[in-house]
Amino acid sequence: MLMKGNEVIGEAAIRAGCRYFFGYPITPQTELAEYLAKKMPKVGGLCLQAESEVAAINMVLGCNASGERAFTSSSSPGVSLKSEGISYIIGSDLPCVIVNVQRGGPGLGGIQPAQSDYLQATKALGHGDQHFIVLAPAYVQEIATLMGEAFDLADIYRTPVMLLADGALGQMMEPVDFEAKKQRTLPEKTWAACGHGNKREHNVVNSLYISPEVLEQTVLARFERYKLIEEKEVMYDGYMTEDADICIVSYGITARIAKTAVKAAREKGIKAGLFRPITLWPYPKKQLSALADKVKKFLVVEMNMGQMVDDVKVATDCRRPVEFFGRTGGIIPTPDEILAKIEEMNGGAD
Amino acid sequence: MLLEKIKNRLVIVCGHYGAGKTNVAVNLAKAAAAAGRRVCIADLDIVNPYFRTADNREELEAVGVRCIIPQFANTNVDIPSIPAEFQSVFQTDEMCIVDVGGDDGAVALSVYRDGFIECGYDMLYVFNACRPLTSEAEEAVESIRAIEAMSSLTVSGLVNNSNLGAETTSETVNRGLKVCLAAAKAAGKPVLASSVFRNVAGRIEGDVFLMDNATKKLF
């Protein structure tokens, strides 16, 4: 099949057994809701256009509390609106999947592709002590795989998982194969509030804790799960990093543009490489740290003002210089621009 | 070839989302210009925010094709707009190729229904068997009927644009042609040609319209 990224998000969700989508339209992700509006009724599912983003995320909360797989999707400004609900979902230890097909910001910003929600996604989407898993696909095919993974990870760790894409990836078309995803063993949802028929104690799904001691213990237990996620679920990809002097660190669609620049740099005899985090949280710190032993310089490339730069500095303990190239406001960097930056950094080597 | 089969000065290129309408429209404009015709291309896409005719403006104008592009195409203004200049397609003697948005985008045509009928038009339905929601003949027929109902105009023929992007083979096109023929038969319309990227090797059945890939490249 030749599919748009947005359509693949919808199809992969259906194939992951998700039968509930709650959302509110916003460019550039609306094809996803359109696709599901046509497809969900055919598989006995529900695609509901809520009255707002806030309503949609709370419907997702309720639906997941009953043990069903449900997800929501939006683009940057709409995701901001969902932040309260996401924090409540975390506080209720519920699984859920959230899709952000990023556009330019801040504010209403624009409709063209961006990656300027990196910090929001990885550091502070909701209030409270919290993390959640952030997956950054770079290929339409990878969306198919990661959407399935997102639902599984959410169930295994009882946490929201965000698929962080961008307008270009959502709108572009590539061939896709839905059989590629690996199968995981999933825990039973013993906590779900789905009717007990007087055969067990009723389950309560809630994020309010009357006693601070109990709340602290709940947060600590959650952070034990985060530790496990950091140990077991890091995903990344590398290209020609083995002998690289200059290593680009880039994710999502930008990593593919950077890859073209790396190839061009190699043709000019510059030893460039590309490291692509696939999980933005948990961040591939160990792998980047190991790379810092070999490379001379890092170059972060993003469609924002350098939101990932600090993560690279922390992961590598500032042992190598970390430079940045990016475009923002909905402008997509070109391979030539990135190549020019690599050449400039190469000239200044030694 | 596709160009010879077109009877009217006004050519509407419609179809399902992502079927490849812009690729067909842009290549048709270039082919007509190369054949010595005076050509105009109008971007009437009111649904798609990126990947549109406006991306090809430079190469089209270089070969003498007049481009009618919405003022807000590829900007951050997220509203459907049609430039006043669009009216000119009903007044000139150029061959005018109208690139319409997918599915619901066809509603933009209905505003100009009378003009199209008065001047005469060919309406090409671009079909891609590799796209979800139109991979079956029945779905394609449903899509054709929906577009006809929305635009108040009649599709005159199908163009088999079955492709998998860079992974397209002659088998992709030929397999798509079978579905396209079945859809055309059910809808009571002819298949005009298969539109195929120049680099696709192997034998293609039926009439072929060779195209360059006009989709904007990011990397």
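Definitions and cut-offs
- Residues numbered from 1 in each chain as written.
- Chains lettered and ligands numbered in written order.
- Predicted model: local features only at pLDDT ≥ 70, side-chain atom pairs only at ≥ 80, totals over all residues.
- Heavy atoms only, no water.
- Pairing = 2+ DSSP bridges.
- Helix = DSSP H or I, 4+ residues; strand = E, 2+ residues; numbered from the N terminus.
- Axes fitted to C-alpha atoms, helices over the stretch in contact; angles between N-to-C directions.
- Phe/Tyr/Trp six-rings, centres within 6.5 Å; stacked < 30°, edge-to-face > 60°.
- Buried < 20%, exposed > 50% of the residue type's maximum accessible area, 1.4 Å probe, protein only.
- Lys NZ or Arg CZ within 6 Å of the ring centre and 35° of its normal.
- Polar contact = N/O pair within 3.5 Å; in protein donor to acceptor, adjacent residues only side chain to side chain.
- Contact = heavy atoms within 4.5 Å.
- Domains from an automatic or database assignment.
- Buried area = accessible area lost by both parts, 1.4 Å probe.
- Salt bridge = Lys/Arg side-chain N within 4 Å of Asp/Glu carboxyl O.

Participant: Help me understand the sheet that holds strand 5 (residues 96–102) of chain A in this model?
Facilitator: Backbone-to-backbone hydrogen bonds join strands into a sheet, with any given pair of strands oriented parallel or antiparallel. Residue and element names in this part refer to chain A. Here 7 strands make up an open sheet; going across it, the order is 3-2-4-5-7-6-12 and the pairing mixed. Every other strand in the sheet has two partners, leaving strand 3 (46–49) and strand 12 (279–281) as the edge strands with one partner each. Averaged over all pairs of adjacent strands, the angle between their axes in this sheet comes to 20°, without regard to strand direction. By the bridge criterion, 3 bridges tie strand 6 (residues 133–135) to strand 7 (residues 160–166) in an arrangement that is parallel. Opposite Ile133, over in strand 7, you have Val161 as the bridge partner.

Participant: Just checking my understanding: could you explain the packing of aromatic side chains for this structure?
Facilitator: Two aromatic rings, taken as a pair, are described by how far apart their centres are and by the angle between their planes. Applying the stated criterion to the full structure yields 11 aromatic pairs over all chains. Judged by centre distance (4.8 Å) and plane angle (75°), the rings of Phe223(A) and Tyr226(A) are edge-to-face. Pair noted here: Phe223(A) and Tyr226(A) are both in helix 8 (residues 212–232), with a separation of 3 residues, about one helical turn. Judged by relative accessible area, Tyr226(A) falls into the buried class, the value being 3%. Of note, Lys4(A) hangs over the ring of Tyr17(B), and the distance from its end group to the ring centre comes to 5.1 Å. Stacked on the ring of Tyr239(A), the Lys or Arg Lys259(A) has its end atom at 4.8 Å from the ring centre.

Participant: I would appreciate a short explanation of the side chain of Asn6(A) in the present structure.
Facilitator: All names here are of chain A. Structurally, Asn6 can be placed in helix 1 (residues 5–15). There is a polar contact of 2.8 Å between the side chain of Asn6 and the side chain of Glu31. Once residues lying within four places of it in the same chain are set aside, the contact partners of Asn6 are Pro28, Gln29, Glu31, Leu32, Val101, Gly170 and Gln171.

Participant: Looking at this model, I keep getting lost on the domain arrangement of chain A. Mind explaining?
Facilitator: Residue and element names in this part refer to chain A. Domain parsing of chain A yields domain 1 (2–190 + 220–232) and domain 2 (237–347). Summarising the inter-unit geometry, the C-alpha centres of domain 1 and domain 2 are found 26 Å apart. Taken together, the contact between domain 1 and domain 2 spans 31 residues of the former and 24 residues of the latter. Together, the buried faces of domain 1 and domain 2 total about 2,400 Å²; carbon and sulfur atoms form 56% of this surface. Along the contact surface separating domain 1 from domain 2 lie 4 salt bridges. For Arg276, the salt bridge is made with Glu142, and the minimal N-O distance between the two is 2.8 Å. Linking domain 1 with domain 2 are 16 residue pairs in polar contact (both at pLDDT 80 or more). Residue assignment for the side of domain 1 that touches domain 2 shows that the elements contributing at least two residues are helix 5 (118–122), strand 6, helix 6 (140–157), strand 7, helix 7 (167–171) and helix 8.

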